[in-house]
Amino acid sequence: MGRKTIKVDYLARVEGEGALNVTIRDGQVSKAELRIFEPPRFFEAFLRGRDYAEAPDVTARICGICPVAYQMSAVHAMENALGIEVEGQLRALRRLLYCGEWIESHALHIYMLHAPDFLGYAGAVDMARDYPDIVKRGLSLKKAGNAIMALLGGREIHPINVRVGGFYRTPTRKELEPLAETLKQARENALATVRWTAGLEMPEAERDYHLVALHHPGEYAMNVGRIVSNRGLDIAVADYNRHFVESHVQRSTALHSHLREHDCYLVGPLARYSLNHGQLSSLARETAKEAGLGVTCTNPFQSIVVRSVEVVYACDEALRIIDEYREPERPFELAEPKASEGFGCTEAPRGLLFHRYRLDASGGILEAQIVPPTAQNQPSIEADLKDLVGGWLDLPADTLRERCEQTIRNYDPCISCATHFLKLDVRHE
Amino acid sequence: MARSDHKPRLGVWKFASCDGCQLTLLDCEDELLQVAGAVDIAYFPEAARGSGRGTYDLSLVEGSITTLHDAERIQDVRRRSRTLVTIGACATAGGIQALRNFADIDDFMAAVYAHPEYIETLSTSTPIADHVPVDFELRGCPISKQQLLEVVSAYLCGRRPVTPAHSVCLDCKLRGNVCVMVAHGTPCLGPMTHSGCNALCPSYNRGCYGCYGPKENPNAPALSERLDQLGMGRAERLRFYRTFNAWAGPFREESERHGP
């Protein structure tokens, strides 16, 4: 068969700038490289010397698509360092804000970035010509998530209301209640989304993933929990660096994160769903079952269905929080600066997001470490390509290239997020 | 200006950024399909596959220039764009990544990368207007949805966009906010900051932190004096001016007055 190269010079419908090279030799994939040419922005460097209280505003700017994830991991890490716990309604409001981000980010990915792959369109705007009602449903769902972000966070992108210890201002019951109507409608749209995505033609693909996600005994893990896996990992967030390591892979110019004891692993919706299925709301579980999903899911193309199930859950959970909301006495717990180290890990829409900070006695940041989900998934993306492309070689060249792109978009990779610790030297053989 | 017999070709370009400002276009959920009907979205890689070849009637440019490659690429984008509008603090002021401009880039690289020799980067992060002529600059970290729609529709009608240039303070008055600095002693960049967010932070009981950059002719020393009276130390004031628009003239100059 000889040698064949699939090249995608600029990956579309992902956040940030990346490219793909797959080399096939004699019917085998000899090389699969996800290249990153996003310029470095040096967040970990310029966080040094800033005040601990600035971390949520600064780290939000790592990503415009999932700023809440950065804010949540940052405030949890700072609170861990300073020895305060945010409980009760403030904790619930944080979860509500995160539900908003899950809904808007998942809806964006499902309808605008991922679905065009299954239906053969360049993008959602093209798709809207033939499926106007479907695209409108996606936009409406996304808008509902954004409504939570705008009310609780002040705005959808880079919310301003998140602070270490809680919020600057908490909403009144009266302000929060109208969201419930929006979310009930959104839940209907989310249910329709699960049914619709379940009907899309799915490429056959099963992968033997090492799935890693947060797990919490009392709830579908979002903001807090232990880091667990389907192969027996069960560690506290503070032990992250004992088990995970970022390293250089010679064939790639990007740093890859992997488990010391194993190798590559998968974070994100498939991992969360498969490890925490029993904690979904009953509606989300039933809908998943109707859609033909088992209690675990390891077909990466079905991530679009799993995301849709998580949107049903996030709508349910947001409605529960609004229903049980009582205005807290004060909007935040006060923190006293001290020399310390803190760890925070939350579930960004794309998966585990780890932060670590070392602080001086006055609360100045001495050191910051941020490991975003896309960096953790990079080796897994390449492994998917290596594993799956061999089975698709009889596809026409264009279809094969598109299938490779789709394989990457299964992950909803966020390349801007990943950039601040990626190697950016792009070398060609 | 748009001619009636042809749909203007729109391009959305990304340089060093978080993608938040181009996402704002997708966040216009109610208007997106209308916009898409009025223009030909010819290049927008975050939203659709496309080659990026050809010329553009309107280019929206997000992000700052931080690599040699991008410094060349923006020249090409300019050559092929009839109207070029920068969107957001990165493109109009260098963004938060311009914090490197005050530091030694080698220190920054050593702090983040195991092998700094592999990194291709400039020692500065600079706004698009430092490199090519820009027809209009839309501010904000992130930009405002309403202002983005105003810019696009102004372009379609062949008029200048209307984006008020007053300070956040005036927006607070219009919104009926109690001044957080006067009433609570909360440090606020509002007096120096360009309007655009509808005085968001003071409406949530916190001080403005300058997302929209400096307004025209701000009185920075007067604000610094007030911050001093509120007990904000010199180093703290320096950081206050150095955030998402750190490299924008008046913020930069005032921060430098607080430097070592």
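Just so you know, these numbers come straight off a predicted model, no measurement behind them.

In terms of regular secondary structure, chain A is built from 14 helices and 13 strands. Relative to the globule expectation of 22 Å for 429 residues, the C-alpha radius of gyration of chain A, 21 Å, shows essentially globular dimensions. Relative to its 429 residues, chain A shows a buried fraction of 68%. Counted over contacts in chain A with a minimum sequence separation of 6, partners at least 24 positions apart contribute 71%. Chain A carries 50 positive and 59 negative side-chain charges, and their two centres are separated by 2 Å.

All names here are of chain A. Inspection of every chain in the model, using the stated rule, returns 19 aromatic pairs over all chains. Between W102 and Y220, the aromatic rings sit 6.2 Å apart at their centres with planes inclined by 85°, giving edge-to-face as the arrangement. Taken together, the residues span a long stretch of sequence, with W102 in helix α4 (residues 88-119) and Y220 in the loop between β6 (212-215) and β7 (226-229) at a distance of 118 residues. Residue Y220 is classed as buried on the basis of its relative accessible area of 0%. Measuring from ring centre to ring centre gives 5.0 Å for Y220 and Y313, while their planes differ by 55°; the resulting arrangement is tilted. Note that Y220 is positioned in the loop between β6 and β7 and Y313 in helix α11 (residues 303-324), a separation of 93 residues in sequence. Y313 carries the same exposure label as Y220, and that label is buried.

Right, let's get into the side chain of A:H158. Residue position: A:H158 is located in the loop between α6 (132-153) and β4 (162-163). Engagement of the side chain of A:H158 in a polar contact is seen with the backbone oxygen of A:A60, the distance being 3.4 Å. Once residues within four sequence positions are removed from consideration, A:H158 is found in contact with A:A60, A:R61, A:C63, A:G64, A:P67, B:C18, B:C141, B:P142 and B:Y209.

Quick look at the interface of chain B and chain A now. The parts lose accessible area when they come together, and the size of an interface is often stated as this lost area. Tallying the contact residues gives 59 residues for chain B and 70 residues for chain A. Carbon and sulfur atoms make up 62% of the area that chain B and chain A hide from each other, which totals about 5400 Å². Joining chain B to chain A, the criterion identifies seven salt bridges. Note that A:E54 is salt-bridged to B:R239, the shortest N-O span being 2.9 Å. Our count for the contact surface shared by chain B and chain A stands at 23 residue pairs in polar contact (both at pLDDT 80 or more).

All names here are of chain A. With respect to topology, three strands assemble into an open sheet ordered β1-β2-β3, the strand pairing being antiparallel. The sheet terminates laterally at β1 (3-8) and β3 (28-36), the two strands that pair on one side only. Averaged over all pairs of adjacent strands, the angle between strand axes in this sheet comes to 10°, irrespective of strand direction. Pairing geometry for β1 and strand β2 (residues 18-25), over six bridges, is antiparallel. Bridge pairing in β2 links K7 to N21. With respect to the sheet, helix α12 (residues 373-389) is in contact with β1, β2 and β3, its orientation differing from that of β3 by roughly 150°.

Let's shift gears to the layout of surface pockets. Picture a little ball the size of a water molecule; that probe, rolled over the atoms, points out where space is still empty. Its volume calculated, the largest pocket comes out at about 970 Å³. Lining the largest pocket are 30 residues, with A:A53, A:Y168, B:P187, B:R206 and B:E236 sitting closest to its centre. Counting only elements with at least two residues in the lining of the largest pocket, the list comes to α2 (55-60) of chain A together with α11 (234-241) of chain B. Class assignment for the residues of the lining of the largest pocket results in 16 nonpolar, six polar and eight charged. In this structure, the second largest pocket encloses a volume near 690 Å³. Around the second largest pocket sit 30 residues that line it, and A:D9, A:Y10, A:E17, A:F37 and B:Y43 are the ones nearest its centre. At the level of elements, β1 and α13 (397-409) of chain A together with α3 (68-79) of chain B are the ones that each hand at least two residues to the lining of the second largest pocket. The residue makeup of the lining of the second largest pocket, split by class, is 13 nonpolar, five polar and 12 charged.

Residue and element names in this part refer to chain A. Across all of its chains, the model carries 43 salt bridges over all chains by this definition. One salt bridge in this structure joins E219 and R91, with 2.9 Å as the shortest N-O distance. Residue E219 is located in the loop between β6 and β7, and its partner R91 is located in helix α4; the two are separated by 128 residues in the primary sequence. Given the relative accessible area of 14%, E219 is considered buried. Its relative accessible area of 27% is what places R91 among the partly exposed residues. A single network of salt bridges, built from pairs that share partners, joins R91, R95, E219, E317, R320 and E324.

Analysis parameters
- Residues numbered from 1 in each chain as written.
- Chains lettered and ligands numbered in written order.
- Predicted model: local features only at pLDDT ≥ 70, side-chain atom pairs only at ≥ 80, totals over all residues.
- Heavy atoms only, no water.
- Helix = DSSP H or I, 4+ residues; strand = E, 2+ residues; numbered from the N terminus.
- Rg over C-alpha atoms; globule rule 2.2 N^0.38 Å.
- Buried < 20%, exposed > 50% of the residue type's maximum accessible area, 1.4 Å probe, protein only.
- Contact = heavy atoms within 4.5 Å.
- Lys, Arg positive; Asp, Glu negative; His and termini not counted.
- Charge placed at Lys NZ, Arg CZ, Asp CG, Glu CD.
- Phe/Tyr/Trp six-rings, centres within 6.5 Å; stacked < 30°, edge-to-face > 60°.
- Polar contact = N/O pair within 3.5 Å; in protein donor to acceptor, adjacent residues only side chain to side chain.
- Buried area = accessible area lost by both parts, 1.4 Å probe.
- Salt bridge = Lys/Arg side-chain N within 4 Å of Asp/Glu carboxyl O.
- Pairing = 2+ DSSP bridges.
- Axes fitted to C-alpha atoms, helices over the stretch in contact; angles between N-to-C directions.
- 1 Å grid on protein atoms, 1.4 Å probe; cavity = no way out; pocket = protein on both sides within 12 Å on 5 of 7 lines; lining within 4 Å.
- Points joined across faces, edges and corners; volume = space filled by probe spheres on them.
- Nonpolar A, V, L, I, M, F, W, Y, C, P; charged D, E, K, R; others polar.

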